[in-house]
There are 2 protein chains.
Amino acid sequence: MKMITGVAKKDTLEIGEIDGAAMDGCEVKVNGAIHAIRDMGEVAFIILRKRDGLMQCVWEEGVSDFSLKDIHEASTVEFTGIVRPDERAPHGYEIRILALRILSQPAAPMPLTISRKRLNTSLEAKLNYRPIALRNINERAKFKIQEGITRGFRDFLYSQGFTEIHTPKLGAKSAEGGANLFRLEYFHRPAILQQSPQFYKQMMVGVYDRVFETAPVFRAEKHNTKRHLNEYTSLDFEIGYIDSFEDIMAMETGFLQYTMGLLAREYADELEILGIRKLPRTDEIPQVRFDVAKDMVAKKYDRQFRNPFDLEPEEELLIGKLFKEEYGADFVFVTHYPSRKRPFYAMDDPEDPTYTLSFDLLMGGLEITTGGQRIHDYQMLLDKIAARGMETEGMEHYLSAFKHGMPPHGGLGIGLERLTMRLIGEDNVREATLFPRDLSRLEP
Amino acid sequence: MKMITGVAKKDTLEIGEIDGAAMDGCEVKVNGAIHAIRDMGEVAFIILRKRDGLMQCVWEEGVSDFSLKDIHEASTVEFTGIVRPDERAPHGYEIRILALRILSQPAAPMPLTISRKRLNTSLEAKLNYRPIALRNINERAKFKIQEGITRGFRDFLYSQGFTEIHTPKLGAKSAEGGANLFRLEYFHRPAILQQSPQFYKQMMVGVYDRVFETAPVFRAEKHNTKRHLNEYTSLDFEIGYIDSFEDIMAMETGFLQYTMGLLAREYADELEILGIRKLPRTDEIPQVRFDVAKDMVAKKYDRQFRNPFDLEPEEELLIGKLFKEEYGADFVFVTHYPSRKRPFYAMDDPEDPTYTLSFDLLMGGLEITTGGQRIHDYQMLLDKIAARGMETEGMEHYLSAFKHGMPPHGGLGIGLERLTMRLIGEDNVREATLFPRDLSRLEP
């Protein structure tokens, strides 16, 4: 009987497996996609795109066993060649090609020039040619950073005793009601797509004390802005046995600290490609009340905003600017949002119940997180639902968790794409989304 | 300005933070939910449910500053007490309670007895009371094991140079077409929920060479069996630059080996709670051709199955039984499925194109994975689409990735709930799903 015993070492090498100095003169095999060909006549530089970066290979007439006409941009190949240290080459060495094995050939020339450092094209064109445009080194580096964020989130929370959960995206009723739900038919019954795992993660606090989820959420909002997506990845956590809603902000700060460390350690190549020389400050994050922040902005910038119950996007930008200027802060926790702008399950501040024990985290003046303490007392929850004129229908399971005892708790949801966008210095959230879904875009 | 500086140590301790012998006589604070109260008169054992297990606390008349009537099953509390080593107690110590602080009280008695080792109730009742039923130690341990699997999948693949991706679940057209799609309206346009990230992960192989995703998939299948869900978590990966489709099976075997190690190391408590004394064998996994496996089963068990192009569930069970009996194998790779039962993008076997370079992984006779090599050549893909009488409409973006060069590649999708179910020895996939979605269940 033939047996599969696990992963065997390949005879082709990755960039990080070749030490230019130590392997000087060694014959190696490497594979990858032809990223660019710079033909200088008797010599040509052939840049291979590999998963861990670009590799400089050198074709020489009479040395390499093939003609330059045999390969094209986007051919995938295996080269046999000799390692030669060269300080000018990307990783301190190049490969003098001896032999070529073609793995696959493209059927048509590339529709975009992807081999330049940055794609010189509109966002619209980038999105239309997404599977190709992402082959650009700068574009693909963005989503490695995104990976680092998700990974940092999970690894930090595992270390803090959290349990990862998978909650359903199809549901009978809305978690939080409202018009912003995608609706569908589920075996002849009406169903919705969850706009947040809120109810589920709260129920699971009664089971595991601390839970998190990293999963898609769906919002049928008719916003057409640089900040909104109709499907995005939400990094959610919920913590039981909190002493105060500040515990939630402390946990998020811990996640950010851990993640910046992870990015600096393991994503240095991508940070360099993206030209990110300095990661945002996370050693301390200012915490300011909603009403105080509003006043500070009004005074400093002499600006009045109409809505006393919420922050307008421009107001958030100014809060970000103010805290950057005065405290050198990249992040700001804005706390104590008015109760009327927060969902029914938000815990009102006992000192002034027109405000809640809630917060948003702004990064560079953009809201990237909404969180807060939740009501854990069954009767208080029922009272607030009644006071808002809401129905409990469809919330029976959610409410049952409270009826049968829930600890004080709270949590948050982080928009992965927004956090990525701010970190990589883009100003449109679509730049930080592999395949964005918005009012007009359902493909690719 | 008030600053948040990260996670501070709490003054309440977790189970693992208390060393019974070293802390003999120390005063500590602990919190948790009252899991059970065993009243013996002047003394009572109060079992606290904490995120890392159960903690035995002792109430004593005259020592503890409260009456037993003050607390109930499902109250959440903070105890101040004295550590006392006791070999009979769960972690080698108990807490003699001095003082009580109530954190929250339930509003009604529990609808289920959750404090027994195993819930003595039907699956139906468990699912109806899901948020409560999961508080049972045995129930919640199942989903810690599930966490370990997902975590093992990601960590192993990171170590193998994979990039994690997030692909959209809302789409304009089916990835693979067919009747098994949930349909919805997306801003006045028809949309579907993706039944697999197949097209996206293939396109992303052209970008990162190796990619994975752990995310929900949606199948509008009208199956009502113990093995089917209409929404489940799929562990997907796709590898470029493969030498053969065996590379994919080798990678899956590597994942299983790594994950069994992770479970043994970090989930020992949960394995013990669930009574799992032996993890399945992953050192070597037999690989057998589809047609050979069919013959072996027919001969050994004298059974004939009607469908020559696929395996029936009972046939899969017998293959599992046979390989367990003859090779001591818990897993079997069944390879070379007939081309007509595999999707158009499956790579046909050049030696006999009526078969494909594909496989299923059976665990205990249940299919937990489908995978295989994919066609990477643009013209070959177009030819196969044409030969099947299919349209390319709606696949333009997918096909463009191939038109512009793709390496040889392949991958797989693993049903997380099925793998969990087999590992924990359950026979209904709903037992391994936090909140299952099936033909009749859309709540909780």
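Residues numbered from 1 in each chain as written. Chains lettered and ligands numbered in written order. Predicted model: local features only at pLDDT ≥ 70, side-chain atom pairs only at ≥ 80, totals over all residues. Heavy atoms only, no water.

**Points about helix α8 (residues 313-327) of chain A**
Residues and elements named next belong to chain A. Across its 15 residues, α8 extends 21 Å between first and last C-alpha, which sits within 8% of the 21 Å expected from 1.5 Å per residue. Where α8 is concerned, the buried positions are E315, E316, L318, I319, G320, L322 and F323. Those residues of α8 that are buried lie in contact with β13 (285-289), α7 (290-301), β14 (331-335), β17 (358-363) and β18 (366-374). Phi turns positive one or two residues past the end of α8, at G328, with a value near 60°. (Helix = DSSP H or I, 4+ residues; strand = E, 2+ residues; numbered from the N terminus. Expected span 1.5 Å × (residues − 1). Buried < 20%, exposed > 50% of the residue type's maximum accessible area, 1.4 Å probe, protein only. Contact = heavy atoms within 4.5 Å.)

**Overview of the interface of chain A and chain B**
Chain A puts 123 residues into the contact, and the matching count from chain B is 123 residues. Here D243(A) and K10(B) are joined by a salt bridge, their closest N and O atoms 2.7 Å apart. Here chain A is connected to chain B by 63 residue pairs in polar contact (both at pLDDT 80 or more). For the side of chain A that touches chain B, the leading source of residues is helix α3 (residues 137-159) of chain A, giving 10 residues. (Salt bridge = Lys/Arg side-chain N within 4 Å of Asp/Glu carboxyl O. Polar contact = N/O pair within 3.5 Å; in protein donor to acceptor, adjacent residues only side chain to side chain.)

**A few points about the side chain of T282(A)**
Residues and elements named next belong to chain A. Along the chain, T282 turns up in the loop between α6 (268-273) and β13. Note on T282: relative accessible area 9%, which makes it buried. If sequence neighbours within four positions are ignored, T282 has contacts with T253, L256, Q257, M260 and F331.

**Observations concerning the relation of the copies chain A and chain B**
By a simple turn and slide, chain A fits onto chain B: the slide is 0.0 Å along the axis, the RMSD is 0.0 Å, and the turn is 180°. What the rotation and shift describe, once combined, is the action of a two-fold rotation axis. Among all C-alpha atoms of chain A, that of L184(A) lies closest to the rotation axis, at 2.5 Å. Looking at chain A, 100% of its interface residues are interface residues in chain B too, so the copies touch through the same face. (Least-squares fit on C-alpha atoms with pLDDT ≥ 70 in both.)

**Thoughts on the state of the cysteines**
Applying the stated rule across the entire model yields zero disulfides over all chains. As a non-bridged cysteine, C57(A) has C26(A) as the owner of its nearest cysteine sulfur, 16 Å distant. (Disulfide = S-S within 2.5 Å.)

**Quick notes on a negative patch on the surface**
On the surface, E443(A), E391(B), E393(B) and E396(B) cluster together into a patch of negative charge. According to the relative accessible area criterion, E391(B) is exposed, its value standing at 61%. (Patch = residues over 30% accessible without salt bridge, like charges linked within 9 Å, V, L, I, M, F, W, Y side chains within 5 Å. Areas by Shrake-Rupley, 256 points an atom, 1.4 Å probe, with all protein chains shown as cover. Lys, Arg positive; Asp, Glu negative; His and termini not counted. Charge placed at Lys NZ, Arg CZ, Asp CG, Glu CD.)

**Considering the confidence of the model for chain A**
Looking at chain A, pLDDT values average 96 and 99% of them are 70 or higher. For this predicted complex, the interface score ipTM comes out at 0.97, while the overall pTM is 0.97. (pLDDT = per-residue confidence, 0-100.)

**A few points about the nonpolar core**
One finds I145(A), M204(A), F237(A), L381(A) and Y398(A) to be the most contacted residues of the largest nonpolar core, which totals 76 residues. The element best represented in this core is helix α5 (residues 246-266) of chain A, accounting for nine residues. Those residues within four positions of L381(A) in sequence are excluded, and the remaining contacts are F344(A), Y345(A), I375(A), Y398(A), L399(A) and F402(A). Counting 75 residues, the second largest nonpolar core, distinct from the first, contains I165(B), M251(B), L357(B) and F359(B). (Core = buried A, V, L, I, M, F, W, Y, C linked by side-chain atoms within 4.5 Å.)

**Some points on the sheet that holds strand β5 (residues 76-85) of chain B**
Strand pairing in a sheet takes place through backbone hydrogen bonds and is either antiparallel or parallel in direction. Residues and elements named next belong to chain B. Taken in spatial order, the five strands close into a barrel running β2-β3-β4-β6-β5, and their pairing is mixed. Strand-to-strand, the axes of this sheet are offset by a mean angle of 55°, without reference to chain direction. Looking at chain direction, strand β4 (residues 53-60) and strand β6 (residues 93-104) are connected through two bridges and run parallel. Considered in β6, the bridge of C57 is made with I95. Docked against the sheet, helix α3 (residues 137-159) engages β2 (27-39), β3 (43-50) and β4, running at close to 25° with respect to β3. (Pairing = 2+ DSSP bridges. Axes fitted to C-alpha atoms, helices over the stretch in contact; angles between N-to-C directions.)

**So, the pattern of salt bridges**
All names here are of chain A. The final tally for this structure, using the stated rule, is 78 salt bridges over all chains. Note that E315 and K294 form a salt bridge whose closest N and O atoms lie 2.7 Å from each other. Of this pair, E315 sits in helix α8 while K294 is found in helix α7, placing the two residues 21 residues apart along the sequence. E315 sits in the buried class, given a relative accessible area of 1%.

**Overview of the pairing of β18(A)**
Residue and element names in this part refer to chain A. Of all nine residues in β18, seven are buried, a share of seventy percent or more. The pairing of β17 with β18 spans six bridges and is classified as antiparallel. From the neighbouring strand, S358 faces β18, where its bridge partner is G372. In sequence, β17 turns back onto β18 through a hairpin of two residues, with G364 there showing a positive phi of about 55°.

**Observations regarding the side chain of S358(B)**
All names here are of chain B. One can find S358 in strand β17 (residues 358-363). Engagement of the side chain of S358 in a polar contact is seen with the backbone nitrogen of Y337, the distance being 3.4 Å. Beyond its immediate sequence surroundings of up to four residues, S358 is in contact with F245, V334, T335, H336, Y337, R342, G371 and G372.

**Describing the environment of L366(B)**
With respect to the helices and strands, L366(B) occurs in strand β18 (residues 366-374). Taking the C-alpha atoms as reference, L366(B) lies 19 Å from I276(B); in sequence the two are 90 residues apart.

**Observations concerning the packing of aromatic side chains**
For any pair of aromatic rings, geometry is given as the distance between the ring centres together with the angle between the planes. Counting across every chain of the model gives 40 aromatic pairs over all chains. Between the aromatic rings of F323(A) and Y327(A), the centroid separation amounts to 5.3 Å while the plane-to-plane angle is 25°, which identifies the pairing as stacked. Here F323(A) and its partner Y327(A) are both found in helix α8, four residues apart, which amounts to about one turn of the helix. Arranged with centres 4.9 Å apart and planes meeting at 65°, the rings of Y398(B) and F402(B) form a pair that is edge-to-face. (Phe/Tyr/Trp six-rings, centres within 6.5 Å; stacked < 30°, edge-to-face > 60°.)

**Notes on the sheet that holds β18(A)**
Reading across from one edge, β7(A)-β11(A)-β12(A)-β19(A)-β18(A)-β17(A)-β14(A)-β13(A)-β1(B) is the order of the nine strands in this open sheet, with mixed pairing throughout. Two strands in the sheet have a free side with no partner beyond their single neighbour: β7 (163-164) of chain A together with β1 (2-4) of chain B. Pairing of β14(A) with β17(A) involves five bridges; the strand directions are antiparallel. Residue pairing for β17(A): V332(A) is matched across the bridge by L362(A). Against the sheet, α7(A) makes contact with β13 and β14 of chain A, and its axis sits at roughly 95° relative to β13(A), the strand it touches most.

**A short note on the packing of helix α9 (residues 378-387) of chain B against helix α10 (residues 396-403) of chain B**
Residues and elements named next belong to chain B. Where α9 contacts α10, the axes come no closer than 8 Å and their chain directions differ by 140°. Each of Y378, L381, L382 and I385 in α9 lies in contact with α10, whose residues at this interface are Y398, L399, F402 and K403. Here the contact of α9 with α10 is composed, by residue class, of seven nonpolar, no polar and one charged. (Nonpolar A, V, L, I, M, F, W, Y, C, P; charged D, E, K, R; others polar.)

**Digging into the packing of α3(A) against helix α11 (residues 416-423) of chain A**
Residues and elements named next belong to chain A. One way to put it is that α3 packs onto α11 with a least axis distance of 10 Å and a crossing angle of 125°. In terms of orientation, α3 lies oblique with respect to α11. Considering how the two elements wind past one another, α3 and α11 form a crossing that is right-handed. Contacts between α3 and α11 involve K142, I145, Q146, I149 and T150 from the former and L416, E417, L419, T420 and L423 from the latter. Partitioning the contact of α3 with α11 into residue classes produces five nonpolar, three polar and two charged. (Parallel < 35°, antiparallel > 145°, perpendicular 65-115°, else oblique. Left-handed = near helix turned anticlockwise from the far one by under 90°.)

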